[in-house]
Amino acid sequence: MKIIAGLGNPGKEYAKSRHNVGWMFVEALAEALGVNDWRSRENGLVAETRIGAERVLLVKPQTYMNNSGECIGPLMHWYKLEPTDLIVVHDDMDIPAGTIRIRKKGSAGGHNGIKSTIAHVGDENFGRVRIGIGRPLPGWSVIDHVLAAFPAEDVPKIQEAIKYLIPAVECMINESIDNAMNKYNPKKVKKKSLSDGEPLARKEEAVVNEQGEGGN
């Protein structure tokens, strides 16, 4: 069995906030899989489904972002799962809005929801799916930024990222995180100038920085 947990904050006032993009993804995945039987368990809303031959538990923690591990940790213990059976989907402030990054493991990088998850799972070795939300505007605090709704120009980018990630997460389950990283993470590419032959380095928009500070 695998767990796919989307991080966010409960309550209608947070439903469209940047911090809730993990929830948005899990809800979109559930819809794509025809899943609508959510129930309460261990401080979260959970729904069981299958991806390929694998049983999968979709999870939306109800503990608020900073305490996400209080839901995820007990669920891992109840189902007797290893850290490698967990995939967490969350917002990433240090990559542009709508870009993505899949990783096998890593530190919290300042993200309080991941920090709580690591503390309650007891290990950093679980999969991450990061969806970029961009940096705060000048004069905005981190809290203001993550709790605000996406501006109109970012909404199509987020919708496209979520759509793109559904087969990517299915690949993580059916094949491996390594394969999903190779297939779906944006790649570095190089071009040569037609005039002088010198290489010009370019990156696709989703690059590599860790998540910045995030509150609930």
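Scope of this entry: the structure provided in the associated data block.

About the thresholds
- Residues numbered from 1 in each chain as written.
- Predicted model: local features only at pLDDT ≥ 70, side-chain atom pairs only at ≥ 80, totals over all residues.
- Heavy atoms only, no water.
- Helix = DSSP H or I, 4+ residues; strand = E, 2+ residues; numbered from the N terminus.
- Buried < 20%, exposed > 50% of the residue type's maximum accessible area, 1.4 Å probe, protein only.
- Contact = heavy atoms within 4.5 Å.
- Areas by Shrake-Rupley, 256 points an atom, 1.4 Å probe, with all protein chains shown as cover.
- Core = buried A, V, L, I, M, F, W, Y, C linked by side-chain atoms within 4.5 Å.
- 1 Å grid on protein atoms, 1.4 Å probe; cavity = no way out; pocket = protein on both sides within 12 Å on 5 of 7 lines; lining within 4 Å.
- Points joined across faces, edges and corners; volume = space filled by probe spheres on them.
- Nonpolar A, V, L, I, M, F, W, Y, C, P; charged D, E, K, R; others polar.
- Lys, Arg positive; Asp, Glu negative; His and termini not counted.
- Salt bridge = Lys/Arg side-chain N within 4 Å of Asp/Glu carboxyl O.
- Polar contact = N/O pair within 3.5 Å; in protein donor to acceptor, adjacent residues only side chain to side chain.
- Axes fitted to C-alpha atoms, helices over the stretch in contact; angles between N-to-C directions.
- Parallel < 35°, antiparallel > 145°, perpendicular 65-115°, else oblique.
- Left-handed = near helix turned anticlockwise from the far one by under 90°.
- Phe/Tyr/Trp six-rings, centres within 6.5 Å; stacked < 30°, edge-to-face > 60°.
- Lys NZ or Arg CZ within 6 Å of the ring centre and 35° of its normal.

A separate point is the overall build of the chain. Helices and strands together make up the secondary structure of the chain, namely six helices and nine strands. Counting over 216 residues, the chain shows a buried share of 49%. In the chain, 69% of the contacts between residues at least 6 apart in sequence involve partners at least 24 apart. As presented, the chain carries roughly 10500 Å² of accessible surface, and 50% of it is formed by carbon and sulfur atoms.

Moving on, we get to the nonpolar core. Membership of the largest hydrophobic core comes to 35 residues, with the highest contact counts inside it found for Ile-4, Phe-25, Ile-102, Ile-131, Leu-165 and Met-172. It is helix H5 (residues 155-174) that contributes the most residues to this core, ten residues altogether. Once residues within four sequence positions are removed from consideration, Ile-102 is found in contact with Arg-128, Leu-165, Ala-168, Met-172, Ile-177, Ala-180, Met-181, Tyr-184 and Asn-185.

Before going further, it helps to spend a moment on the layout of surface pockets. It is a probe the size of a water molecule, rolled over the atoms, that shows where empty space is left. Here the largest pocket is characterised by a volume of approximately 280 Å³. Around the largest pocket sit 13 residues that line it, and Met-24, Phe-150, Ile-158, Gln-159 and Ile-162 are the ones nearest its centre. For the lining of the largest pocket, the secondary-structure elements that each account for two or more residues are helix H1 (21-32) and H5. In the lining of the largest pocket, the residues fall into nine nonpolar, two polar and two charged.

The next thing to look at is the side chain of Asp-91. Relative to the assigned elements, Asp-91 resides in strand E5 (residues 86-92). Comment: no salt bridge for buried Asp-91; closest opposite-charge side chain is Arg-18, at 8.6 Å. Separated by 2.9 Å, the side chains of Asp-91 and His-19 make a polar contact.

The next thing to look at is the packing of H1 against H5. Running from N to C, H1 and H5 cross one another at 60°; their axes reach a closest spacing of 10 Å. Here H1 is positioned oblique relative to H5, judged by the angle of their axes. Helix-helix and strand crossings are classified by hand; for H1 and H5 the assignment is right-handed. Residues Val-21, Met-24, Phe-25, Ala-28, Leu-29 and Ala-32 of H1 form the contact with H5, whose own contacting residues are Ile-158, Ile-162, Leu-165, Ile-166 and Val-169. Residues that form the contact of H1 with H5 fall into these classes: eleven nonpolar, no polar and no charged.

Time to look at the packing of aromatic side chains. Here the structure, examined in full by the defined rule, presents two aromatic pairs. Residue placement shows Lys-60 over the ring face of Trp-23; its charged tip is 5.4 Å from the ring centre. One residue, Arg-128, lies across the ring of Phe-126, its end atom 4.1 Å from the ring centre.

Within this structure, the stated rule accounts for eight salt bridges. A salt bridge links Asp-85 to Lys-2; the shortest N-O distance between them is 3.0 Å. One end of the pair, Asp-85, is in the loop between helix H2 (69-78) and E5; the other, Lys-2, is in strand E1 (residues 2-6), and 83 residues separate them in sequence. One exposure class covers both Asp-85 and Lys-2, and it is buried. The salt bridge involving Glu-48 is made with Arg-55; its shortest N-O contact spans 2.9 Å. Using a relative accessible area of 35% as the deciding quantity, one classes Glu-48 as partly exposed.

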